[in-house]
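So the chains spell out like this:
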Amino acid sequence: MAAHSGKRIWWLTNNKMVEKYVREAKMLMLSQEKGGFVAAMGLLDAALAVAPRMDVALEMKARCLLSLRRFKEVADMLHHSIPCFQKAVSDDLSLASEEGSSMQLTGERRVRMQLLSSCADEDFKCFSVADFKKKLMAGLGINGRKQGHWRYLVLGQAYCHLGLMEDAIVLLKTGKRLATAAFRRESVSLSDDIFSSNMFPLTSENFINPSQATPKMESESIAYLLSHIKLLVRRKTAAVAALDAGLYSESIRHFSKILDGRRGAPQAFLAECYVYRASAYQSSGRIADAIADCNKALALETSSIEALAIRASLYETIRCFPDCLHDLEHLKLLYNSILRDRKLPGPVWKRPSFHYREIPGKLCSLASKIQQLQQRVAAGETQNIDFYALMGLKRNCSKSELQRSHLVLILKHKPDKSSALIERCEFADANEADSVRDRARISALLLYRLIQKGYTNVMATILEDEAKSSASATSVETPPPSTAAFQGIFCRDLAVVGNMLSQAGFNRAMPLKYEALSC
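As a starting point, this report considers the structure included with it. On a predicted model such as this, the values are computed, not experimentally measured, just so you know.

### A few points about unusual backbone geometry
Next, step 1: One non-glycine residue, glutamine 32, lies in the positive phi region at around 55 degrees.
Next, step 2: Mapped onto the elements, glutamine 32 comes out in the loop between α1 (2-29) and α2 (34-50).
Next, step 3: Phi at arginine 319 takes a positive value of approximately 60 degrees, unusual for a residue other than glycine.

This is the structure in structure tokens:
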């Protein structure tokens, strides 16, 4: 008996302490300051150490992390609580997750069957509609009440800032639907007296002009975020469809609206759009622009396999074999690390664009290509770069075409403009801005030097061809002058006629009839 009372006193003490921590954390969060959120995080961690499954503390901690822009921690914290968004790191794990989800569905069906069949006993009992409705709602909403609609809303916002736009749309819509359903259930259970005008008077302090209202409420901010996500996804879908249909200029135009627009976009989403636009540039023959987009994508996401593969193929197209080998070696290291760790790169909640079973075949083809390029480099083909393809010119281009192409490229890919990428990017981690800026500037500087080198070489080739053509023109002998007599000259200026005759070699006088000179 004494042990039971001591355990009860311990539980009450811990419960009061947890409630105190949560109450103080809520007061700190109301300040909407960074220091307040950090202090609230410490109190919530202490509360969760005592009560790890306290839903209120978990929600407050997730919202603190969201306010502090620590989106990756929010995703790591909440992605396990939503079964349909658990990613598989391999094919075996994906099959296991499918089996687990099916078992979970059968478990829910079993619970519902038990809840519905529990009212049927051997002895006769009166049928109660209220009891049946309560048990039915408990069976249907057992998973929803356990997780809460706030998990969908918070995780959807985190996914949006992490660049997972399609998943963010699904989560935010589901969270809004669950929140509306919960509010509807609560409003049905309340009486009509609580909605009287005595409790909520329409004073000037409580009334807000709709035209001046800002999206301060969570529902309004979620609706505003959803509209922005839908706009980005709509443009990306149109651009990808145009790329698949072979309309490369149309695809480039749609991607440029996303990448060069005034409104920012998440870091991972921008990197993915840069990769797609680089593919469109490559298909349309604009090599320098494609390399620039690959550089930006790799500056935003250093382990982008698609960007490395596209840039390596671009360098191989212009016969810049050392840089191509560098990218292929980097790609080989990424593939080997995936095989060594037996998981795809990136966090668990990020869906990869390829499957684990494809990597061994890609690694074999990559090794053979690296060996071929090494043999070509050993044969001395490092200096034979196709600068015409880099500049987007034909072999017989003129000097004016070269100057125009060079001016467009250096104005577009100037290293000073690499900071514009940072201004339009919403970073998942604010500490990555400096490193991304440095990587973007270095890659832009290397491309700028390559363009300048291409301009110098192509201009030298054009000048050499012009010198050869002028030399061949002077070496050709001019034909002897004609000695035929000038007949039928009708001109008013006799001095001009004399000059023409002297240049032709006629030194003798020529009789002219003045009647013929009259006009």
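### Quick look at the packing of aromatic side chains
Next, step 1: Under the criterion given, the structure shown has one aromatic pair.
Next, step 2: Note on phenylalanine 255 and tyrosine 276: the rings are 5.8 Å apart at their centroids and 5 degrees apart in plane angle, and the pair reads as stacked. Placement of the pair is phenylalanine 255 in helix α11 (residues 248-259) and tyrosine 276 in helix α12 (residues 267-283), with a sequence separation of 21 residues.
Next, step 3: Given a relative accessible area of 0%, phenylalanine 255 falls into the buried group.
Next, step 4: Here tyrosine 276 falls in the partly exposed class, since its relative accessible area comes to 28%.

### Structural notes on the packing of helix α15 (residues 321-341) against helix α16 (residues 359-378)
Next, step 1: Put simply, α15 and α16 touch, their axes get as near as 10 Å, and they point 155 degrees apart. What the angle tells us is that α15 and α16 run roughly antiparallel. Between α15 and α16 lies a crossing whose hand is left-handed. Of the residues in α16, those touching α15 at Phe321, Cys324, Leu325, Leu328, Glu329, Leu331, Lys332, Tyr335, Asn336, Ile338 and Leu339 are Ile359, Pro360, Lys362, Leu363, Leu366, Lys369, Ile370, Leu373, Gln374, Arg376 and Val377.
Next, step 2: Residue composition of the contact of α15 with α16, grouped by class: 15 nonpolar, two polar and five charged.

### A look at α16
Next, step 1: Along its 20 residues, α16 runs 28 Å from first to last C-alpha, staying within 8% of the 28 Å computed at 1.5 Å per residue.
Next, step 2: Those residues of α16 lying buried are Ile359, Leu363, Leu366, Ile370 and Leu373. One side of α16 carries all its buried residues, which in axial view fall inside an arc of 90 degrees. Among the exposed residues of α16, those oriented more than 90 degrees off its buried face are Cys364, Gln372 and Gln375.
Next, step 3: Buried residues along α16 sit against α14 (305-317) and α15.
Next, step 4: Glycine 380 occupies a position one or two residues after α16 and carries a positive phi of about 90 degrees.

### Description of the side chain of serine 418
Next, step 1: Relative to the elements of secondary structure, serine 418 occurs in the loop between α18 (399-412) and α19 (420-423).
Next, step 2: Those residues in contact with serine 418 that sit more than four places away from it in its chain are Ala440, Arg441 and Ala444.

### What about the packing of helix α3 (residues 55-67) against helix α4 (residues 71-78)?
Geometry of a packed helix pair, given as the angle between the helix axes and the separation of the axes.
Next, step 1: Remark: α3 packs on α4, axes separated minimally by 8 Å, with the N-to-C direction vectors making an angle of 155 degrees. In this view, α3 runs roughly antiparallel relative to α4, as classed from their interaxial angle. Both α3 and α4 take part in a crossing whose hand is left-handed. Between α3 and α4, the residues in contact are Leu58, Lys61, Ala62, Leu65 and Leu66 and Phe71, Glu73, Val74, Met77 and Leu78, respectively.

Conventions we followed
Residues numbered from 1 in each chain as written. Predicted model: local features only at pLDDT ≥ 70, side-chain atom pairs only at ≥ 80, totals over all residues. Heavy atoms only, no water. Helix = DSSP H or I, 4+ residues; strand = E, 2+ residues; numbered from the N terminus. Phe/Tyr/Trp six-rings, centres within 6.5 Å; stacked < 30°, edge-to-face > 60°. Buried < 20%, exposed > 50% of the residue type's maximum accessible area, 1.4 Å probe, protein only. Axes fitted to C-alpha atoms, helices over the stretch in contact; angles between N-to-C directions. Parallel < 35°, antiparallel > 145°, perpendicular 65-115°, else oblique. Left-handed = near helix turned anticlockwise from the far one by under 90°. Contact = heavy atoms within 4.5 Å. Nonpolar A, V, L, I, M, F, W, Y, C, P; charged D, E, K, R; others polar. Expected span 1.5 Å × (residues − 1). Arc of directions from axis to C-beta.

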